[in-house]
Every structure is written in structure tokens, then in C-alpha cells.
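A look at the structure
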Amino acid sequence: MVNTKKDHLAIQQTIEEGGAAKYHESNSAKGKKFVRDRLADLLDDGSITFEDGKFANNMAEGLPADGVVTGMGTIHGESVCFMANDSTVKAGSWGARTVEKIIRIQETAERLNTPMLYLVDSAGARITDQIDMFPGRRGAGRIFHNQIRLSGQIPQICLLFGPSAAGGAYIPAFCDFVIMVDQNASMYLGSPRMAEMVIGEKVSLEEMGGAKMHCSVSGCGDYLAQDEDEAIIAARQYMRYMPKNCHEKPATIDYTLPSEQDVQSLLPNNQNAPFDMRVMIKRIADEDSLFEVKERFAPELLTAFITIEGRVIGVVANQPKIKGGVLFHDSADKAARFMTICDAYNIPLLFLADVPGFMIGTHVERAGIIRHGAKMLSAMSSATVPRISVIVRKAYGAGLYAMSGPAFEPDCTLAFPEAQIAVMGPEAAVNAVYANKIAELPEEERQAFVQEKRKEYQEDIDVYRLASEMIIDEIIKPNELRNELIHRFKQYENKTVNQPNKKRSVTPV
């Protein structure tokens, strides 16, 4: 008589061990953990609540769980669904049952309205199985269709531990937040070998699709982790700022007051002198609550989650320390993406404006700065969450519009006493209006004339005049900003917006 219990336990143990020992050793040498160890670190109490499809393809040799672990667990006490590639099984490649398992857990996430995490470490499709897993109604394309369907309904987070190759690269592309492990993570549509064969380009994997490149150049990565432990910590941190789904608000988080709250001392008297906006954010936010998104990409604009008295806030802030805080096409994209995520998950937005405007010149025009800027304005204007705009020092030209200026119905526009709002700064304005007059004056009289006209211009754009015209809702001292935000965001939290009766907007791209 066959001892089925013993057989069952043996099969289960074989599945849970993953692929051959040599693949575990190879991964370990690269600083890569086994998939089940990753899940143990990510989930509360180090345990999976339950696993689906564990015995998938168990009749085949060398394909435990068909190379992917799917199931549910908890993070910070909240349920999450997950799929996690096992790179010790045929390099984490996809077969027909792999795809079916991923699709099914996505469907579970949709039914339960719970976040979906993708732990990606995969060489892509198994070419030998392509007819079964690639083109059909429940083929690999259905994974991406489901991601698009779930977008904005539930948070989708990708932890990229290894490759995400070819079509599989679209898993991170459709996620809200992508963490990439330096040196090991990569994503690309065509490998370096394919690029050399097809287009004659010789390039390394790091140059083509490495973690640093995607987190600093392409913008496909949101967070560069130095190792897998940091990646998992970052994912758990990110989840603290997210609600379970789009129908809920983020939970209030335990907080401590910022250790340093002096904002005034940070601000130079010269409007064009650089200062670090990141430090200012830390001084108005709860202690250690700053969580930056796309820190390495388009750093002239900061996008970050913070808490203020435990309430989650999304911050969009110009960074005068880098390129003067001028907006470029990449920074416009970065802002649009971040604002869309905040709006989807009921996270209020705080704009800290210190912006000379959008960059000009042939290079940026050819790069499409107008349509990228329109994308930023569209995302900002369409956001229905509470929005507060603070003019820190200056907001010139279309930079005022992009940073949720008065015409775009923010809940309020605040300004510091020395702030300026204008079509352009005094220097550029005087030159634009009086260039011919200045050229006609004797050289010894030019400086005095220019200074006089700049003074007149500054008086014309004085913040108290703007407040008199009710363009500005309130002028506050820098050190009062945190308390002002506490009271205003609390009052605005039940904001409702009447949307136009239409199917959808046509988003600028």
C-alpha cells in the first residue's frame, strides 16, 4: 500500500526547495536570495498566509511550482497578493502554468480589492512553450491587460531583483512603484546580444537596462536599492503611505515632531540663490517621514511622500539647488506620474513652488517640452484630492501654472512675504521691455536705469499687492507653514469635486 501522506510531504518539500543546488549557489554568489526567503522578509511574521498553485506542473521534471510562487500574506497587518519568480527554476522563465498562476492571483487581487506585489526575477518566456503561453486569450498578454485594468484601483508594486526581459519588462512598466536592486536588476526589450545581432550595437547590460540607468536616465525605476534587504525595506515603507485600494484613504501613521522646524533660516535673500528644498520639506514634515520617489531622475523637481501629524501628503517641489529648479520635459513627466498616483489613492498634494519657469531652447523644444509640460498641467488640474500651493520665493511664467497656481483651483494659494509671482523675473522683464532704450543710453547711465526699472517691476509684482487682488489667499511667515498646513489639510480632507459629464479626457502625451 502506497503511503500517500509521505509522498505528499516529499513532493511539497521538493517544490519548496526550488531548483537545483547549483542555481541557489550561483544566486547566493550574486547577493540574490531564494524567492521564499524574499517573501519571508517582505511579509509580516515571515510567513505566507496561503499559496495558490503550489503543485502547478509537478508532474514535469525540474519545474517546481512552474517557477513562480503566488499567494497572499500581510504587510503592516493588511492583506496583499503577490507573485514571485523563482530564478532557480529555468531562470524564472514563464511557461503556460506560470502565466496562468500570475493571471489568477491578479484576479484574486481584483476580487478582494487588495494591493498586488510583483517580485520579479525572470529571463522571460520559455520559447519552447510559446504557443501555449504567448498568444492566447489567457496568454502572457493577459497579465499586462490585467495590470492596466487594476491601475488606479489597487496599489501595484514591483520589486525587481533580477532581469525583466523582453515582454516581461512591461510588468514593472505598469506598476505604480518600481524598486530596482543595483547590479542585479535589469529590464530591457532586447538583450545586448540581440541588439548587436539586429542593429549592430555593442552595449553592456548595465548600459542598456541596468538599475542605475533606469533610475536616473529613463525614469522607469523609482527607487535604487543597494541590496535586496534595502529593496524589501523600501517596499514595506512605501506600503505605509498607501491605502488598501482607491476607495479608502491612507491610514494615519504614528509620528514625532520634526527635530528642526526653522524654515526661515534656509531662505536666501537673493531670489536666484540656491538652497536645498529637501531640507525645507524635512522641517515641515514629521520626523523621518520623507520618502522620495524617483530621487535620481530629474532631480530639479522633488516628488515625495511625507506625513504631517500622521496624515499622508504627496509633495511636488522645485529644487533650486539643481538647475535653479527650472522645469524640463523629464521633470514634467515625473510630476505628472506622481500626481496621478496621489490622486488615484486619495493622497492630498502639497506644491512648494520656487520655479523660474520651463526651460527654453532648441534642445528642449525638440524633446517635446510643450507636450510634456501639458501632461504635467493636465495631471495637476485633473486631480480631485486636496491641493495646497505654496509660493516659497518665486513662481514665474508657466511654472506658476504647473505648480497648481490660482487659475487651476487649488484649495488655497499661500505665499511667504518675499515671494514673487510674475510672467518672468525682474532681470528678464526689464531686458525684454527696455532692451532698445538701454542700448541708446550712455554706458555710465545704463546700470542706474536698469536698477530703477527692476525696482518698479518688483513693486508691481509685490506679494501684498497680489494678496490685495485676492490672487494669494494668505501670506504667512515661513516658520508658520507647518501649522498652517496641519489646519488646512484637516479642513480640506472631505473635499468633493463635481466632474464634467464626459467619458474621459484626452491626455497630452
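Structure: see above.
Residues numbered from 1 in each chain as written. Predicted model: local features only at pLDDT ≥ 70, side-chain atom pairs only at ≥ 80, totals over all residues. Heavy atoms only, no water.

Next up on the list: the overall build of the protein. The secondary structure content of the protein amounts to 20 helices and 16 strands. Against the compact-globule benchmark of 23 Å for 509 residues, the protein has a radius of gyration of 26 Å, which places it among compact chains. Dimensions along the principal axes, computed over C-alpha positions, put the protein at roughly 105 × 55 × 45 Å. Considering the protein as a whole, with its 509 residues, one finds that 52% of them fall into the buried category. Contacts in the protein between residues far apart in sequence, at least 24 positions, make up 73% of those at least 6 positions apart. Put simply, the protein shows about 24400 Å² of open surface, and 50% of that area lies on carbon and sulfur atoms. Of the charged side chains in the protein, 56 are positive and 67 negative; the average position of the first set lies 5 Å away from that of the second. (Helix = DSSP H or I, 4+ residues; strand = E, 2+ residues; numbered from the N terminus. Rg over C-alpha atoms; globule rule 2.2 N^0.38 Å. Buried < 20%, exposed > 50% of the residue type's maximum accessible area, 1.4 Å probe, protein only. Contact = heavy atoms within 4.5 Å. Areas by Shrake-Rupley, 256 points an atom, 1.4 Å probe, with all protein chains shown as cover. Lys, Arg positive; Asp, Glu negative; His and termini not counted. Charge placed at Lys NZ, Arg CZ, Asp CG, Glu CD.)

Within the structure shown, the criterion is met by 28 salt bridges. When the shortest N-O distance is used, the salt bridge between D229 and K33 registers 2.5 Å. Taken together, the positions of D229 in helix α11 (residues 228-240) and K33 in the loop between α2 (21-29) and α3 (35-42) put the pair 196 residues apart, joining distant regions of the chain. Here D229 falls in the partly exposed class, since its relative accessible area comes to 41%. Where D66 meets R126, a salt bridge forms, and the shortest distance between an N and an O atom there is 3.1 Å. In this pair, D66 is assigned in the loop between β1 (50-52) and β2 (68-75) and R126 in the loop between β4 (116-122) and α5 (130-133), connecting sequence segments 60 residues apart. For D66, a relative accessible area of 1% corresponds to the buried category. Shared partners join several salt bridges into a network, and the residues in it are E16, R36, E51 and K54. (Salt bridge = Lys/Arg side-chain N within 4 Å of Asp/Glu carboxyl O.)

Moving on, we get to the nonpolar core. For soluble globular proteins, the rule of thumb is that nonpolar side chains tend to be buried together. Counting 73 residues, the largest nonpolar core has L117, L159, I179, F305, V316, M339 and L349 as the members making the most contacts within it. A total of 7 residues in this core trace back to one element, the largest contributor, which is helix α13 (residues 329-344). Once residues lying within four places of it in the same chain are set aside, the contact partners of L349 are G314, V316, F338, M339, C342, A383, V385, P386, R387, I388 and F489. Residues V99, I103, I143 and L224 belong to the second largest nonpolar core, which totals 31 residues. (Core = buried A, V, L, I, M, F, W, Y, C linked by side-chain atoms within 4.5 Å.)

Here the focus is the packing of aromatic side chains. Within the structure shown, the criterion is met by 14 aromatic pairs. Arranged with centres 5.9 Å apart and planes meeting at 35°, the rings of Y241 and F291 form a pair that is tilted. On the criterion of sequence distance, the pair formed by Y241 in the loop between α11 and α12 (277-284) and F291 in strand β9 (residues 291-292) is long-range, its members being 50 residues apart. For the pair formed by Y241 and F291, the shared burial category is buried. Chaining the aromatic ring pairs together yields one cluster made of F177, Y223, Y238, Y241, F291, F305 and F338. (Phe/Tyr/Trp six-rings, centres within 6.5 Å; stacked < 30°, edge-to-face > 60°.)

A few words on a nonpolar patch on the surface. Together, M194, M197, V198 and I199 give the surface a local cluster of nonpolar side chains, amounting to about 460 Å² of exposed area. Tracing the backbone through its elements, the reader meets M197 in helix α8 (residues 192-199). (Patch = residues over 30% accessible without salt bridge, like charges linked within 9 Å, V, L, I, M, F, W, Y side chains within 5 Å.)

The next thing to look at is α13. Relative to the 22 Å expected for 16 residues at 1.5 Å per residue, α13 spans 23 Å between its end C-alpha atoms, a close match to the ideal helical length. Of the positions making up α13, those classed as buried are H329, S331, A332, K334, A335, A336, F338, M339, I341, C342 and D343. (Expected span 1.5 Å × (residues − 1).)

With 7 of its 7 residues buried, β4 lies for the most part within the structure. Side chains M116, Y118, V120 and S122 of β4 all project onto a buried face; the interleaved residues L117, L119 and D121 project onto the opposite face, where all are buried too. For β4 and strand β5 (residues 156-165), the ladder comprises 6 bridges, and the chain directions are parallel. Residue S122 lies in a different strand from β5, and its bridge partner there is S164. (Pairing = 2+ DSSP bridges.)

Orientation of α13 relative to helix α15 (residues 369-382), taken along the N-to-C sense of each, is 20°, at an axis distance of 8 Å. By the angle class used here, α13 and α15 are roughly parallel. You can see that α13 and α15 cross each other, and the crossing is left-handed. Along its contact with α13, which presents H329, A332, D333, A335, A336, M339, T340 and D343, the element α15 presents I369, H372, G373, K375, M376, A379, M380 and S382. Across the contact of α13 with α15, the residue classes break down as 8 nonpolar, 5 polar and 3 charged. (Axes fitted to C-alpha atoms, helices over the stretch in contact; angles between N-to-C directions. Parallel < 35°, antiparallel > 145°, perpendicular 65-115°, else oblique. Left-handed = near helix turned anticlockwise from the far one by under 90°. Nonpolar A, V, L, I, M, F, W, Y, C, P; charged D, E, K, R; others polar.)

For the rest of this paragraph, the subject is the environment of C158. The residue C158 is located in strand β5 in this model. Distance in space between the C-alpha atoms of C158 and V181 is 11 Å, their sequence separation being 23 residues. Contacts of C158, omitting those with residues within four sequence positions, involve Y118, V120, P172, C175, F177, V178 and I179.

A few words on the side chain of K334. Here K334 lies in helix α13. Buried within the structure, K334 lacks any salt-bridge partner; its nearest side chain of opposite charge belongs to E292, at an N-O separation of 5.2 Å. There is a polar contact of 2.9 Å between the side chain of K334 and the backbone oxygen of K294. (Polar contact = N/O pair within 3.5 Å; in protein donor to acceptor, adjacent residues only side chain to side chain.)

Two numbers describe how α3 lies on α11: the axes approach to 9 Å, and their chain directions differ by 40°. Comparing the axis directions of α3 and α11 gives the class oblique. For the pair α3 and α11, the crossing hand works out as right-handed. Residues R38, D41 and L42 of α3 form the contact with α11, whose own contacting residues are E228, D229, I232, A235 and R236. Residues that form the contact of α3 with α11 fall into these classes: 3 nonpolar, no polar and 5 charged.

Positive phi values are uncommon outside glycine, yet A65 reaches one of about 60°. One non-glycine residue, K323, lies in the positive phi region at around 55°. Tracing the chain through its elements places K323 in the loop between β11 (311-318) and α13.

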